[in-house]
Every structure is written in C-alpha cells, then in structure tokens.
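Structure assessment
Okay, here's what each chain looks like letter by letter:
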Number of protein chains: 2
Amino acid sequence: MTDYAVIGRSAPRRDTLEKVTGQARYTLDVTLPGMIHAQVLRSPWPHARIRSIDASAAEALPGVRAVLTHQNTINTLFSTAATMMALPTGHQGVLDQRIFDSTVRFVGDEVAAVAADTLEIAAKALKLIEVDYEILPFVLDPEEAEKPESIALHPDKPELQYGHNVPGHPVEIKRGDVEKALAEADEVVELTFNLKPVKQMQMETMGAVAQVEGSGKINVWSTTQTTHPARAQLAHIFKIPTSRIRVMNPPYVGGGFGSRIGLSAKAEVIAVALALASRKPVKLTYTRTEDMIATDTRHGGQLKLRLGAKKDGTLTALDLRARLNKGAYCSFGHEIYGTTGHMNLSLYQIPNLYFKGYSVYTNTTTAGAYRGFGNPQGNLTVERGIEMMAARLGLDPLELRRKNATQKGGDYVLPYPCDSNAIQSCMTKGAESIGWHKRAEYNADKSGRLRRGLGMAIGTHYSNGFQLIVDYESAYITVQPDGSVNVATPISDIGTGCNTAVAQMAAEALGVPLESVFMIYADTDSTPFGYGAHSSRIVYAHGIAVAAAAREVRQKILEYAAGLCGRRAEELDLKCGMVRAKDGAASFPAELRRRQLFQEPGYAPPSGPDPLTEISLRDVALHAHSQNRQFIGVGQDPLTNSPPWHSVFADVTVDTETGQITVNKIAACHDVGRVINPSNMRGQILGGVLQGVGYALSEQLGYEPKTGRQTHTTMHHYMSPTALDIVDIDPITVEEDDPHGPFGAKGAGETTLVCPASAIVNAASNALGLDLTQVPLTPEYVLSMINRTC
Amino acid sequence: MTDYAVIGRSAPRRDTLEKVTGQARYTLDVTLPGMIHAQVLRSPWPHARIRSIDASAAEALPGVRAVLTHQNTINTLFSTAATMMALPTGHQGVLDQRIFDSTVRFVGDEVAAVAADTLEIAAKALKLIEVDYEILPFVLDPEEAEKPESIALHPDKPELQYGHNVPGHPVEIKRGDVEKALAEADEVVELTFNLKPVKQMQMETMGAVAQVEGSGKINVWSTTQTTHPARAQLAHIFKIPTSRIRVMNPPYVGGGFGSRIGLSAKAEVIAVALALASRKPVKLTYTRTEDMIATDTRHGGQLKLRLGAKKDGTLTALDLRARLNKGAYCSFGHEIYGTTGHMNLSLYQIPNLYFKGYSVYTNTTTAGAYRGFGNPQGNLTVERGIEMMAARLGLDPLELRRKNATQKGGDYVLPYPCDSNAIQSCMTKGAESIGWHKRAEYNADKSGRLRRGLGMAIGTHYSNGFQLIVDYESAYITVQPDGSVNVATPISDIGTGCNTAVAQMAAEALGVPLESVFMIYADTDSTPFGYGAHSSRIVYAHGIAVAAAAREVRQKILEYAAGLCGRRAEELDLKCGMVRAKDGAASFPAELRRRQLFQEPGYAPPSGPDPLTEISLRDVALHAHSQNRQFIGVGQDPLTNSPPWHSVFADVTVDTETGQITVNKIAACHDVGRVINPSNMRGQILGGVLQGVGYALSEQLGYEPKTGRQTHTTMHHYMSPTALDIVDIDPITVEEDDPHGPFGAKGAGETTLVCPASAIVNAASNALGLDLTQVPLTPEYVLSMINRTC
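Everything numeric in this text was worked out from a predicted model, so none of it was measured.

All names here are of chain B. Tracing the chain through its elements places Ser-758 in helix H18 (residues 756-768). Ser-758 sits in the buried class, given a relative accessible area of 2%. With residues near it in sequence (within four places) discarded, Ser-758 still touches Asn-379, Leu-380, Glu-383, Met-456 and Ala-457.

On to the relation of the copies chain B and chain A. With an axial shift of 0.1 Å and an RMSD of 0.1 Å, the rotation relating chain B to chain A amounts to 180°. What we have between these two chains is a two-fold relation. For chain B, the minimum C-alpha distance to the rotation axis belongs to Ser-526 of chain B and amounts to 1.9 Å. Both copies present the same face, since 99% of the interface residues in chain B are matched by interface residues at the equivalent positions in chain A.

Time to look at the nonpolar core. All names here are of chain B. Counting residues in each nonpolar core, the largest one holds 123 residues, and the members touching the most others are Leu-307, Leu-318, Val-652, Ile-666, Ile-760 and Leu-777. Broken down by element, this core gets its largest block of residues, 8 residues, from H18. In this structure, Leu-777 is in contact with Ile-661, Ala-696, Leu-697, Ile-760, Val-761, Ala-764, Leu-772 and Val-782, ignoring residues within four places of it in sequence.

Below, the discussion takes up the confidence of the model for chain A. Overall, the prediction assigns chain A a mean pLDDT of 95, with 98% of residues at 70 or greater. Taken over the whole predicted complex, pTM reads 0.96, whereas the ipTM for its chain interfaces reads 0.94.

Time to look at the packing of aromatic side chains. Geometry of an aromatic ring pair is reported as the spacing of the ring centres plus the angle between the planes. Under the criterion given, the structure shown has 19 aromatic pairs over all chains. For the pair Phe-529 of chain A and Tyr-531 of chain A, a centre-to-centre distance of 5.4 Å together with 80° between the ring planes defines the contact as edge-to-face. Ring plane angle 75° and centroid distance 5.6 Å describe the contact between Tyr-560 of chain B and Phe-631 of chain B, whose orientation is recorded as edge-to-face. On the criterion of sequence distance, the pair formed by Tyr-560 of chain B in helix H15 (residues 538-565) and Phe-631 of chain B in the loop between helix H16 (617-626) and strand E25 (632-636) is long-range, its members being 71 residues apart. The pair Tyr-560 of chain B / Phe-631 of chain B is uniform in exposure class, with both members buried. An aromatic cluster is present here, built from Tyr-472, Phe-529 and Tyr-531 of chain A joined pairwise through their rings. The ring of Tyr-695 of chain A carries the charged tip of Arg-298 of chain A above its face, separated from the ring centre by 5.1 Å. When the ring centre of Tyr-361 of chain A is taken as reference, the NZ or CZ atom of Lys-326 of chain A above it lies at 5.8 Å.

A separate point is empty space enclosed by the protein. Residue and element names in this part refer to chain B. Counting across every chain of the model gives 13 cavities of 30 Å³ or more. Space inside the largest cavity adds up to approximately 100 Å³. Lining the largest cavity are 13 residues, with Gln-97, Phe-106, Ala-294, Asp-296 and Thr-366 sitting closest to its centre. Within the lining of the largest cavity, the residues separate by chemical class into 4 nonpolar, 5 polar and 4 charged.

Calculation criteria
Per-chain numbering applies: the sequence of each chain, read as written, is numbered from 1 onward. Chain letters and ligand numbers both follow the written order, the letters beginning at A and the numbers at 1. Totals for whole chains, interfaces and linings use all residues, but because this is a predicted model, local features are given only for residues with pLDDT of at least 70 and pairs of side-chain atoms are given and counted only at 80 or more. Neither water nor hydrogens contribute to the side-chain values; these are computed over all heavy atoms in the structure. What counts as a helix is a DSSP run of H or I of at least four residues, what counts as a strand is a run of E of at least two, and both are numbered from the N terminus. Using a 1.4 Å probe on the protein chains alone, a residue whose accessible area is under 20% of its type maximum counts as buried, one over 50% counts as exposed, and one in between counts as partly exposed. Residue contacts are defined here by distance: any two heavy atoms, one from each residue, within 4.5 Å place the two residues in contact. The superposition of copies rests on a least-squares fit of C-alpha positions from residues with pLDDT of 70 or more in both. Each nonpolar core is a collection of buried residues, namely Ala, Val, Leu, Ile, Met, Phe, Trp, Tyr and Cys, held together in the definition by side-chain atoms within 4.5 Å. pLDDT measures the predictor's confidence residue by residue and takes values from 0 up to 100. Pairing of aromatic rings covers Phe, Tyr and the six-membered ring of Trp, with a centre-to-centre limit of 6.5 Å; geometry is then stacked below 30 degrees between planes, edge-to-face above 60, and tilted otherwise. Both a distance and an angle decide whether a charge sits over a ring: NZ of Lys or CZ of Arg must be within 6 Å of the ring centre and within 35 degrees of the ring normal. Using only the protein atoms, space was sampled on a 1 Å grid; points where a 1.4 Å probe fits but cannot get out form cavities, open sets with protein on both sides within 12 Å along at least five of seven lines form pockets, and lining residues are those with an atom within 4 Å of a point. Grid points are joined across faces, edges and corners, and a volume is the space filled by probe spheres set on the points. In this classification, the charged set is Asp, Glu, Lys and Arg, the nonpolar set is Ala, Val, Leu, Ile, Met, Phe, Trp, Tyr, Cys and Pro, and all remaining amino acids, among them Gly, are polar.

What follows is the structure, given as structure tokens:
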C-alpha cells in the first residue's frame, strides 16, 4: 500500500481538550438573551382520542409565554426521521406524525407544550392543562397488531394497503428458487429469532434551541445528526423556504447512534413552534425518561429463517422473513428492513435467496435508526442458522463460513460492487485471537456448573446509503492568506472523532501538515448540502467529497506556483506544506520567502539561498492574495459505495445455575479498507462491541401489558454496560485498500455493532449445546432453555 | 439597453421590516451567557510617556475579571485600518499602533482596559488605575509638525525617511512638464484650500463582542465593515492562524462611511485581549464621545493648486499639492492622498499634470477613511480652481468644464480604462435641473442682504480598489432541494441596501424571482475571502463575483435540465424560475411537476399537460437532489475597475449680515452605469448630498491649542445635518452601460459625496463674488471674507 504522511496515524482527536476540560459546547449549553424554557405534556395512555383540551388556566399563569396543542399548532404531516426524501420514482418515506395530534398512540406521545420564563413555571403550567381523553383499545405486539381485528393506529393512511397496521411496501428480495432449493437440500435448518427493542442511550438527550429573527429567519441549534436534512424537514413542516432556516450543531452532539437522523425526535419542531408563537428564543431539553419513552428505539420483532445446504456444506438456499415492531409511528420503520435483508443475504454466495421484511404499527415507542440499522437483527438470525447448520452437518462453523463466504468480485444482492473483501483474513485473524482451536476442548466437558463456549459471526455493511437511499455530500475548502486551510463540511462530529479523520484526509490530499487544517462544520449556512453523520458514511462519502475539494485546491495552488517559477503545474509537487519541483530544480524568487501580510517596520525576510528550490504554501497563498486570488475548492461525492467486512469471535462462560453469561473475550476483526486514524478505529470497535454485549445480554425495553407503559425508563433500569463492564476486547484491522473509498477507506461506524451479539449468542449456545434464539440472553431465558423439557 | 426582469427595479430593501420594528440585531445587541463588560482608560494628555502604571487596586476590586495595560498585553505593531496588506512588491501599509503603548499620542489614546461583571464596576476600576505620565511637548498642526524642530511622534519608525513626522512614501504623479506649461499659459490660477477634519458620524458607535471557545477558536461579532480583513488583522495581532478566528457582523452594522474598514478602531482588539485574559465573553461598546475622539476622522489639511489655461479655455497645466493631517497614527493616512491625486487629475484632459501628496503626524485624532477617501479634499480644490479660472477668462464655468472634461476612451492617470463616460449628459441634466441659465440673473444684483448664487462641480471615483490596492471578492451560491437559492457573500450590508441589490443581481443572473434568493453574509466561516463593504465596490466587484457564481449555477441547472428533456443546455433558458426551451418545444416528463420533498399521503401532483414544455427550478432542484446532486457555484471577481462620473449643481443664498448660507437646491446627476435598484441609488444620492452639505457648511473637529483636547466631542457640538436639515435635492441618474461592470453597473457609494461641498463652495463664492477656499463655510469665515479689506 502507498505511504501517506498524515493518514494512517493516530492523530489525537481535536475535540479532546475541550471535552476533558468541560468547555465543549453542546445544545444544552446554548443560551440566548431572553431565552425561555419549554416542557412537554405527554400522554399517560397508550391509545386515546383527545375529546377536548382546556389550556386557559395554563395560559393565564404568570410567566407562561405560549401554550401549544393540536388546536393551535400547524398540523403538517411529517416524520421525525430524515425518511428518504421523496424520490421522483420509487421509495417514498411514510409521513404519519404531527407536532401535536388529536389522537395519541403511545404512552409518552406529545399532547401539548408550554414555554415559560422558567422550567418550573412551565412544569406548573403543564399540570393546569386539562385534557379529556377518550380511551381506545391498544395493541403492543406486532403479530397481534397485524390481525385485521386489531385496532388500527392510523386508520386513514393510504399506505396501509400492504397489510393491517403495515404502512409502506414490504421489501422483497428474490434470487433463484428458494422453495425448490430447500426441498432439494440435504439439510434444512429452521429457526425463529425474537428480539426486544433497545435504546441507543447516547449521552446527550434530545434538545433544541430555536430563535426567530426579526426577518423571519429561523435559527436552530440542536442535537440532530443531520443539520441539512433537519433543515429541509423544518421547512416542510413550517411551510417556509429551506433557505430561511439555519440549523446548527453547537458544534458538539453527545452521541447519536442513529437516534436523531433527521430531527431530534420533536425537540426542534416543538422549540420552533413555541419560538414562533412566543417570538422569544426557546430551549427544549428532553429528560432521560422522555428520551427513553418518546424517541426512536431499535426495532424489536421476530425473524424466521430457513437455510438449506448440501452435505458438503455448500449452502443452497436462504429464506429470511422479518416482521419488525414499528411502534406508534413509522420513522425509519419503512426502510430499515431493507438493510436487514440486503446485508444478510450478501454474506454468503447462495444461489437461491428470498427475503421479505416489513414492520407493523403498535402502541409502543416508535422504532427507528440505531447503529447497524436493521442489520444486527438479521445477522443474529442468519449467523445463528449458520452455526446450527454446521452442527447439523458436523462441520466446524468457521469452515462452513470459509467455504461459503462472499468473495471479492462476487455477485451479490447489494446494489454496489464487492471490489474489496478481506473476510477470509478477518476470519483467520479472529480465530487465532480467540483461540478457536480450543472450541472442541471447551465443549468436551459439559459436566460442571460453568460451561465455556466459543461462537462467531461474520457480517458486512455499507459505507454510506448510496443506491439504497439518496446520499451525497459536499465540502468547501479555502486557503487563507496566511496559508491556513479551512475545510467547511456539513457533517457534525457526534463523538466519533470523524472530524479529526476528515481533517487528516484533507491534509493528505492537499499535501499540508494536519496542524494547518481547520474544520468548520454542521452549520447549514456555512456549508453546502450533506446528508449528515450516519450510515457509516463520514470517512467514506464525506472523505471522498473533502478529498475532491482538496485536490481541486491543490491543483490551483500548483498552477499558481508554476507561474512563480516558470514550470508547469504537473512538474511540481506539494508535500508537507512545501511546493517544490519533482526534479528538485524549480527556481522561486527568494523575495517570496516568508513575507508578512502586515509587514512590521524593520522586517527583513530570512536570508538563505536565492533562488529557492522550494516555497511554502503560506508564501504562495500570500502572494496569490496580493494578486487578488484565493484558492477555493468545491468537492462533491462521486456516488459510490463499498462493503466493509468483519468477523467477531466470542469466548463466554455460562453459569448453568444462575443463567448468567460472562464474556471472557471478544476478538473483533475488521476489513474497513485503509484505516485513516487507528486510534479512532479502535474506539469504534471497543464501543461497538460493548454495545453488542449489552444487546446480547442485558438491554431491553419492555411494556406493561395492562397500561402500555414502558418498564425501563431510567438508566438505572435499563442495563447498558458501563465502563466498569468493559470486557477483554481484541480490536483487529485487516487493511486492504478499497478501490472506491478515499485513500482506500471504507465505512467503519456501524459495522462494529453488527456481529458482537450474534457471536455471543452463538458462543453461549455452543457452551450449553443449546440453540438460543433471542436477545437479550437474560438469566431467566437462559435458565428456561437449560431447564426446557421439550 | 437590455431589458432585465429583476434589476433596475426598486425592490424594497430586505432589512426594512427588521429595522423599522427594532428587531434588527447589531453588535450592541449581541449578548452571550456569562458575558462581561469592558471600559477603556484614555489619555488625558495629547503626548506623554507612561513612566509606570499601578493597576493593583483595580485588579483587587470585586467583579473585575481582567485589567490590561501595555505591561501585560501582546505588543504587536498593527494598524486598525485594513491598510493595504503587504504586497510582494511595492506599497506597504504603515503599522504604528499597539493595543496599548508606553507612549500616548493624542487625548483619548488607549492606556488601559478593564473587563468586569458590570459596566459600572469596570468604570469604577478605571478610576483606580494609577498612571504616572511624563508629559511631552505636542503638535497639532501638520505644517508645524513637518518642521525638523518639532517633536517626533514616532521617532523610531524607519518609514520616517520621507520627512519629519512623515511616514510612508508620498504619492507623486507626473505627466508632461507642468512648470513649462504654467509659464506658457495665458492665465494661471493659484489657490490654497484649507480643510478641517470631519467625522463620519455613523449611527452605531464602534463595538465588539469577543468569545474564546474551549478549542481556542476566537469568535468576534463586531461593527467592522470588512469581516475578512478584520480576521486577518486579528490573526496578525494575536499571532494565531487566520482560520482560528471567526469574525461576524450580527449581521447589521449601523453605518460605516469608512470609519471601520479593517477594525472598529480598537474595539475588536481590546475585546479579544480581554476575552483571552478573562476567558469570558467580553463586550466593548464605544460611547459617542469615544467614537469622536478616538476613531478615524476625515483628513483635514491644506491643498495648493496651480492651474494654467489658454485664453480659449483649453486647460494646459494642473499642479496639485496635498499636505494632509494624519493625526497620531497612520491608519489610511498612507494611502488616502493617492485617491486625492488620481481622481482629481483625471477629471480633465490636461497634457501637463503634477501631483504630490503626503500626510503628517500630529497629536490629534487619527485620520483615516471616510466616504470619498481623499477625493472630496482634492475636488474642493480643483473645482474651486476651475471656477476661478472661468471667472478669470470670462467664461461660463459649465462651458469650461464641457470643453475640457475627460472623454470616453480618454487617456488619463487612472490605472483602469475609461470605457464609459456620460459626464457631458450629467452636466446637461444637472444644469437644466438647477436652472443654470439664471446664474447671470442672480449675479446681476449684488446689492441686497441676501445674495443668491449657483455653483457646480464634476467628479469621478472608482468602483472598487483594484489596481490601486489588493481588492477581490468571492461568493458561493447553492440551490436548495426546494429550489430556494442561498447566496453566501463576505460583504455586510452596513446600511446601504447593497444586499438587496446583490440579491437582485443574483436573481437576474440565475433567472429566478427575487423572492427565492436569500443572502448569508459577513461571516468569515460561511464565506470565502472578500474585501468588505467600502470603496464603492459592493455592487460592482461583488456583483461581478455573485453574477459569476450565479452563471455557473445556471449553467449546471441547464445542463441537468437538458438531460431531463433530451435537449442540449444551450437550447434551454431559465427565466423567472422556469426552464424552457428557447424554441418552446422541450418535453419534460409531467411526473416531475411539483413533487414534494416529503410527500404527504394522498398527495397528487397537479394535473396539466404531459409532457410539459416548461419546468420549475424547484422541480429540477428536487429531481437533482433525488439523484444526489446539488447545484453549487463559486464566483470570483475577474479584476477590473470602471469610473463613475457625476456633476453636482448647487443653488445657495448667502446672508451677508450673518454669514449664514442657505442651500436652496442641489441637483446631483450621476453616471453610475446601469442602476440596479433606483430607490437605493436615490438613497445614496440623498445621503451623500446631505453629508456634503454638512461638510461644506457646519461640520468640523477642532482642538484646544493649550490642552490638545477635541472641541467637538458630542452630537450636540458636532453639527451634522439632521433629517430636519434636508435640503431640496434632485437626484438624477444617467444610465449608460459600462462594459466591465455587472449588468453595466458602476460604483455608486462614495461618488455621491465627492462634489456636493465643492458645488456649495462654488455657489457661495458665486453669490458673493468672492473666492471662498475653506470648509466648513462657517458664518465667521464667510463674514471675515466679506469684510476682508485686502
């Protein structure tokens, strides 16, 4: 692989100092003069029609500046998710939310909002709002909800043609003849996998500050992962031109994991509506409980798999069906199963494939995007099936995967080519790290209370949404008169360190030191359109756009410098901020050396050779400035995609008396192409694996059957692994340049969370010699499986 | 001339609503959480060395967060003016200011600053700072200051080689042989013109709010007219990369008239220094008195003219010398006399020309840029000389000007061509409006107390600084998915309405309605480099850049639309936001019509013909968005300049008993090429003329000879004309497209203030039959001239 000066180094994250000193500014920190505070009244009922609302007492409370209900608020239909923005042909997002609706559909659904001088007054005002509810029957289970006799959540939606409580068309993928292949297979494995919804539990809850300028322009600081799409959504909702709205991250966002692709639930819309009503800046911050009950979850649901193989282990058929629980509103519930199918039908070269996925409305919290976007659900199911098939055939599951895994150049169901694929190396290195050869040894003794087992899984993902969704990116680069470089990008750094990686790519593509590159980001006024921080797309899609802008700037610099030394641009090189001839023989006038933009009296440029054989970008930029030139580049994403590949191996011990599972080690081996910043990549792997441990073992959202209330509404009840729960993780990367990615890089954000749970479920199944088919693997479930009699 | 859809119309100013409702946000309105307040300690002495400062009592005062003096503040040499930024060859600005210096050079010079929790605490702290001054001799008059025996203000400056207290090289212009031509002339007129310094008196005083982010990035909201140059200056002063500073207008600036080209005096530097010291946001707002005593004035001084002519009125020689009063620091005092010479040697086609200009340090308030930038001073002198010559030759001064005025294509001393020139029409129309034919009639009766007279003047100016200084401009244009257009420009609207005119040019060049164009401006993070709001350059230089960006975007739109209808881009047209074929026969699929970015259920596009013969930009933009495309254009100024021309005629009555002059009417006739917004142009003329009336009749800054204190330090004492003093003004434009300007337009900002005072002085001289040769024409001066015995 090529040697690079800046990329491939673990440059320290640029946000570190601000974050560790508490100076980093988040939406919660945004305070404007005259700003007032908002609180939201939420439904106590899972399903009800609002007969009437009397807000007069709340409005009369001193210090209250605005009270909004469905009776006095714009009622545009929208989706808080940046659902895939109307395409002239094909896929349309489902719009089914209003700021406030006359029907509430889950416990926590928004009924009204108050803006007042203080949070306390606002809270008091909420209690003065009298709502007369007509309580309706409700349904919590998607299988139930799908039955025609079940109550309809959105009875008047035209998209419901696809099934009762099923809006939007299902995704179907078909290749070959699965039924015939299954009938002809030597072995067929069937399984049903059950999944609970889980929460992203990002550090910062949803929040927004909205301000209406005198001109009518609306400024919004928010926790969105996608400033430009959020702006477009607000324009749609409030029926004003996009250009009259400015959406900014402040610039920091305390994590996202998909929870705020588009709007931050209803934080922005309620803040804007209240700001328009009160003509004062309004801040709305969700409490943790509000975040848990009223913002998107990961879809739970049920998946069914049938897998057919020949005796020799050749996989011949795969049939996967997914019915996901959408919750009360659609959000990304209309797109997510596309990923479930596409990703998990692409792992193996199987001639006969079938997938059907859809999701169903229920009176629970809306499900949406969460790191992996439907991929982990399918991976749990397919990778469980692979291990079951290996057991059935008496094969090593590693070897079964090796034999069938998709190869580079393989013809798979993804709408982009597989032009890089190091999955075989990933399997080799992961197996080595976990000590896969000990699997038989661990399995030999099934007598003790503690049983050890190994399991694995492989996965792929995308490097942005291209061809599955609208997905593109842009960037501006300007060189300042002092040679420092501004990179303006629409993408926020939501905690991934991506802005360090993007700066590295800009520095590399330009040929300047990282220290001279500065980022401006996530402000819709400062940047061209971009799709935001999600879909593993930042380093890849955004990296391509930034590198393109940098190359345009570099070319302009070299052309200008060529004029200074009488050579041609292609004879010159820019490296580490210095322009020189490739042959070392350029002659730049020495008088250009380190001149000052503002030349203090007595200033004398440093002495040295005359003419010079090299000249700094700073000197070129200042000369250009004096000649009325600034180097400006605009980069756009040239529209491509590439699959990252990975294998995750788990070593677990199951306590057969308590049902408790201990993760001894995870080896996570990733082919993400060229690694731009190894330290950041390591962080992605550690974070993804730990989220996967929580998904496998402890995390879930439940609902009380009688009241429809969520049972896990605080961090105390919702058991995410904490820093103290970190397990032994071996983060491994296999670097193989991808031909499409910037500097050979591929997406790395979500891929790390696709397989860990699958590997743990497989390892626990292996330890117990049982087929575990749900997450989380609660002790209760594990014990019930151990004690199962049939 | 071509017909345009958007330009040439008096589109209402976009800031009107915000301004009349008091919602427009100025620097004074910027308030940040935790913000503290600054006050400045100023020298009571016109010239002193600071022996010592004891700030300990101030520092100990509760609520004081930082006290800065020359002892603890970075001491970079700089200029508050955006003095012409080091050129690799040639002209260098003079840097002679420090934030705080150990020598003070005028009454009001900065000694120390305090930031405290309240303004009151800061004011109290100022009084606790003990300064031990060694009082030095001082000099107020430039003629005195130039003498070698006079005290040197900046004794150690290497630029002082040009003369005692004269930094920077004088400007000399030479053509032909003036001495020989004067000797051979039939008539020679000699005169000396004396000018007092005057103030811009912009509505908003100097101010800045500075904030240091946790990352070290510095945000500055300020009253600067030039955000990008101000950023470069701050980077120089605080020795950090330009890219680490963001300078913004908030976005409004309450006028400028040149007073804050570069920094807003020391508002930004002191606010930034205090923010760095206290690590809190700091606001500093100058009082009106501080604005008057410690921010740049218009140069006073003395000009000498010798003018030679043949009997027939052919001008043969012009010799102009300018010695201007620089004040205590150089500011633009090094550049301004270039304009004095270049502009006023370009009015007439005279074969023998000489000009020498320079300026001299004195212990008075620094002089700098003020609308016209040295031009009015020269114009008063030359145009007075022309009328004196006409009287001497017995010719009508209008005819003398007609005969000698520079023609289109003329070879003059300006470094850009004269490719448009309607000065003859301007003279015809102005003379008609003022009733020039009545001049003899008014002059016939010299018996009454009230004497009426007519006078006139002609002038030229530039349309930006190109070729005299570094001057360039850039713009970004992006089309949003909803078809609305964002124009991002580095130029602020300091009250001229230019952002309405710029939006008009963008709309015209693109081919969209003005309503769909929105401006983002004056934020260094959002925009590429631009030189700011000054030098009559906005409509011209910035218009060229914006129109270039718009044309790039337009071309991309047409190319994209061509793909939608199977035609070639050059066969299509974009007008009023609709794309159609020039032959009317394009076929766009009807399904593109008014689709929605977020398509609500049940949405059906409007019915109508299929295929369509035209399609909206909105529909094209949305389709492009769905295909991962955004139309982005970058425009840069292609570096040109053009001279606007104008004539001003004045009708005055002089009361010979009181010396009071009444302006009966001013006819101001302007050739500014194509007028982009007639209403704005009218505003420019009315404002310029009224400032000229003040300059001619009442405004001046004086100094007490014994203390060096300014005598006019409040609005009460400084007699600017108010709205009630408006005179009868006939604003006339002669439109003739300039071949270089955008849509034929030329600069119009400063040109309106070049001639009014000259015309009034000439009219008053005509009324009295005397040669008045100073401004202001105070009653005292007029009476002294009437009563002069020799």
